[in-house]
Each structure stands twice: as structure tokens, then as C-alpha cells.
Amino acid sequence: MLLTYRYFALLPAIAVAMMGMIAGCGNAPVATVGGVKITEQEVEERLVQTYGEQVLQSMIDRELLQRAAEEQGIEVTEEQMAEAIEEMKAQYPSEEAFQQELARNNMSEEEWLEEVRIMVLARELALHGVDPTEEELQTFFEENREMFREPAMVSMSEIVVTSESEAQEILDELESGESSFADLASRYSLSGSRETGGERPPVPIEQIGQPEIREVAENLPVGEVSDPIEAGGSWVILRVRDRTASREPSFEEDLEQIREAYRRANANSLEEILQEQVEQTNINIIDPRFQALSERYTATPDEIPQFGTDDTQMPPQGGQMPPAEGHEGHDHAAPQPVPDAPMPEAPAAPDAD
């Protein structure tokens, strides 16, 4: 991914629970085990001990990024939010499945939307000012040409069963016209794709490892159904829904994709953005339980004079802070393909199985 900033998605349900417990912290029991009480205070102390520092760091970093965005005049537009929401919800088979994830994480949709807004804001900060020239794009394209090649793709549906005889019976019913492929997959298939009528997402043909499956993917006419195939200890009936030929990259045709990939590969480091804000913001860690964060959020001068010597000075003491776990700065590494890296890490609630 372009940016994986784990604090944006860090246990929002736990954070909410912590605030609620702290607000009403006391000796009232939340559970009993064989007559032994587990109190609100005990639960709160364990939550703070285990997650408190991470949650507080997340909250501070959010404020710092918001300040940085305000300085740059960056605001999240309705169009950007709509695009991000659509992209994230597309990971779920239905709106109902998405709502179930929110409920499972004890998260309201409003809270999830705020997570999305923060991530979009971080993305825009990371890409701010990264505006390549056509010459830079041309060089980037030549160095990463293979990234923009489109392999031959196939979309297939499947019915997976345990025996050849069962597969043949299903195929006979399909050929009789009594049931559709999707109906039969939903009724008989042992694959997880049965919930979608046997439909599998498009896949590059070159990535199909099983020779017998790849043979069908390459040669079976679109719309037709294969004979039963033995593969991996099961029997499979396949239907090719669609197939697209490979395409070689073109600078002119792929220009916008190249531009986006360049910007992502050369994105500003969020850690550097945060450090710059730390240097100009008064951050005071008051609670003694979280004093370990003080070093991270204490600005240090670039140079500290060394008294008692002849005009010599200590080496710079500031510099970059070590990246916190989960942050990824810009190191000009080879970029990921644009379709695989459109957004920062998804909020915790959309954590599909």
C-alpha cells in the first residue's frame, strides 16, 4: 500500500470503551466468576495498560496531521470522501455485511466516516506538492514499464464437489435446463464462492497454478461450461464468464495511471510531517502512565552548544525520529501497482473476513 498508518485504524472500539470506563470508573462489578468480582476499575486499568499508550499516540498524531493539513490549506472534499467510501465498501458483498462489521466492532457509521476522513487527509498530505514533469513521468515509465502491463485476465464461476459422480449429476441437471449455474453452485458447491453463485473475481491467467484449471481459463469459449475436472483432490465444474487479452503498456494511454503511480512512489513521509509539527507544537503528556510518549513528542533543538571548548559544537541533536511501528515513509522504493494501493490502510471496522 501507499501508506499504512496503523494509528488511524487502531482499535477504535477499545478507545471508546476506555473513555466510557474512565468516565464511570468505579468498583461496580462488570462480571463475576465463581463469586469473584471483576470491577470497572480493573477492566479500565487493564485497557489503559495494554492499549492506552497506543490510543493516546493515535489521538495526538491525528491532531498533528490536522494542524499540518490546515497549514497547507488541505481539506477533504465531498468527492474524495464519496470515492473513498465507495472503494472501501466495495470490499463487502453487501451493505448488510458492512453494517455487520460495524456492529461487530461496536462502531457507528459516523465514527467510521471520521476514520475515512482522517485517512483521506493523510493521503492528501502525503501527495501534496508531488507534481512531476512529463520528463520525470517518462523516465519513471521506462524504469517501471512492467508495472503497467495488463496481463490476460479471466473471470470464471465454479462448482466444487467431492466426487466425479456428483459433479456429473450436477452437470446433467445444468444441461437439462432445469437450473442455472448460479443456482447449482449455491446448492451444491463446497467452495466459499457458493454465496456468490460460484462467481470468482477476475484473475490473471498467468497466476493460475493448476495446469488443468489454467487450460480451461485459456481455451474454454466464453459462456461455456467445462466437463468435470479433478483438481486438488476435488472435482470442479467451471464456467468462463469473460476473458480479456493482455495489453502492453503505453505512455500516452496510461499517462494518468503513470502520474498517480509516480506520486504514490514519491509521496511525502507522514513521519516527517508529524515530526515537523512536533517541532512547532507544545505537547505536554500529563498523565504519568503515558510518560514514555514524552520523548516522542518533545522537540529538540538542531544544535546544542558545548561550553568550555574552543567554539566547537555538539553534533546535531534533532534529526529524524525513528519511525513508529506501522509508519511507512518515502524511500523511493519500487511502487506498488496503482490498482493494489489506492488508499491508506482501511479503518478497523471494515475488516472483512
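Structure: above.
Because the structure is predicted, anything quoted here is derived from the model rather than measured.

### Some remarks on the pairing of strand β3 (residues 153-161)
Taking burial as the measure, the 9 residues of β3 include 8 buried ones, the bulk of the element. Two elements, β3 and strand β4 (residues 203-204), share 2 bridges in a ladder whose sense is antiparallel. What sits directly across from Met-153, in β4, is Pro-204.

### Concerning the packing of helix α3 (residues 78-89) against helix α5 (residues 109-127)
Following both chains from N to C, one finds α3 and α5 inclined at 115 degrees, their axes separated by 10 Å at the closest point. On the basis of the axis angle, α3 is roughly perpendicular to α5. As for the relative orientation of α3 and α5, their crossing is right-handed in sense. Residue-level contacts link Gln-80, Met-81, Ala-84, Ile-85, Met-88 and Lys-89 of α3 to Glu-109, Trp-112, Leu-113, Val-116, Arg-117, Met-119, Val-120, Arg-123 and Glu-124 of α5. Considered class by class, the residues forming the contact of α3 with α5 number 9 nonpolar, 1 polar and 5 charged.

### Brief notes about a nonpolar patch on the surface
Together, Val-30, Val-33, Val-36 and Ile-38 give the surface a local cluster of nonpolar side chains, amounting to about 330 Å² of exposed area. Those elements that place two or more of their residues in the nonpolar patch are β1 (29-33) and β2 (36-39). If you trace the backbone, Ile-38 turns up in strand β2. We classify Ile-38 as partly exposed; its relative accessible area is 32%.

### A word on a negative patch on the surface
On the surface, a cluster of negative charge is contributed by Glu-63, Glu-70, Glu-71, Glu-75, Glu-276 and Glu-279. Of all elements in the fold, only α2 (40-72) and α11 (270-280) reach the threshold of two or more residues within the negative patch. Ranked by the residues each element gives to the negative patch, the list is headed by α2, at 3 residues.

### Some details on the pattern of salt bridges
Under the criterion given, the structure shown has 21 salt bridges. Put simply, Glu-260 and Arg-264 hold a salt bridge, and the shortest N to O gap is 3.0 Å. Within this pair, Glu-260 and its partner Arg-264 are both found in helix α10 (residues 255-265), separated by 4 residues, close to a single helical turn. The class for Arg-264 is buried, based on a relative accessible area of 13%.

### What to know about the environment of Ile-60
Mapped onto the elements, Ile-60 comes out in helix α2. Residues Ile-60 and Tyr-297, spaced 237 residues apart in sequence, show a C-alpha to C-alpha distance of 9.1 Å. Once residues within four sequence positions are removed from consideration, Ile-60 is found in contact with Ile-283, Ile-285 and Tyr-297.

The rules behind these values
- Residues numbered from 1 in each chain as written.
- Predicted model: local features only at pLDDT ≥ 70, side-chain atom pairs only at ≥ 80, totals over all residues.
- Heavy atoms only, no water.
- Buried < 20%, exposed > 50% of the residue type's maximum accessible area, 1.4 Å probe, protein only.
- Helix = DSSP H or I, 4+ residues; strand = E, 2+ residues; numbered from the N terminus.
- Pairing = 2+ DSSP bridges.
- Axes fitted to C-alpha atoms, helices over the stretch in contact; angles between N-to-C directions.
- Parallel < 35°, antiparallel > 145°, perpendicular 65-115°, else oblique.
- Left-handed = near helix turned anticlockwise from the far one by under 90°.
- Contact = heavy atoms within 4.5 Å.
- Nonpolar A, V, L, I, M, F, W, Y, C, P; charged D, E, K, R; others polar.
- Patch = residues over 30% accessible without salt bridge, like charges linked within 9 Å, V, L, I, M, F, W, Y side chains within 5 Å.
- Areas by Shrake-Rupley, 256 points an atom, 1.4 Å probe, with all protein chains shown as cover.
- Salt bridge = Lys/Arg side-chain N within 4 Å of Asp/Glu carboxyl O.
- Lys, Arg positive; Asp, Glu negative; His and termini not counted.
- Charge placed at Lys NZ, Arg CZ, Asp CG, Glu CD.

In short, shape yes, function no, at least from these values alone.
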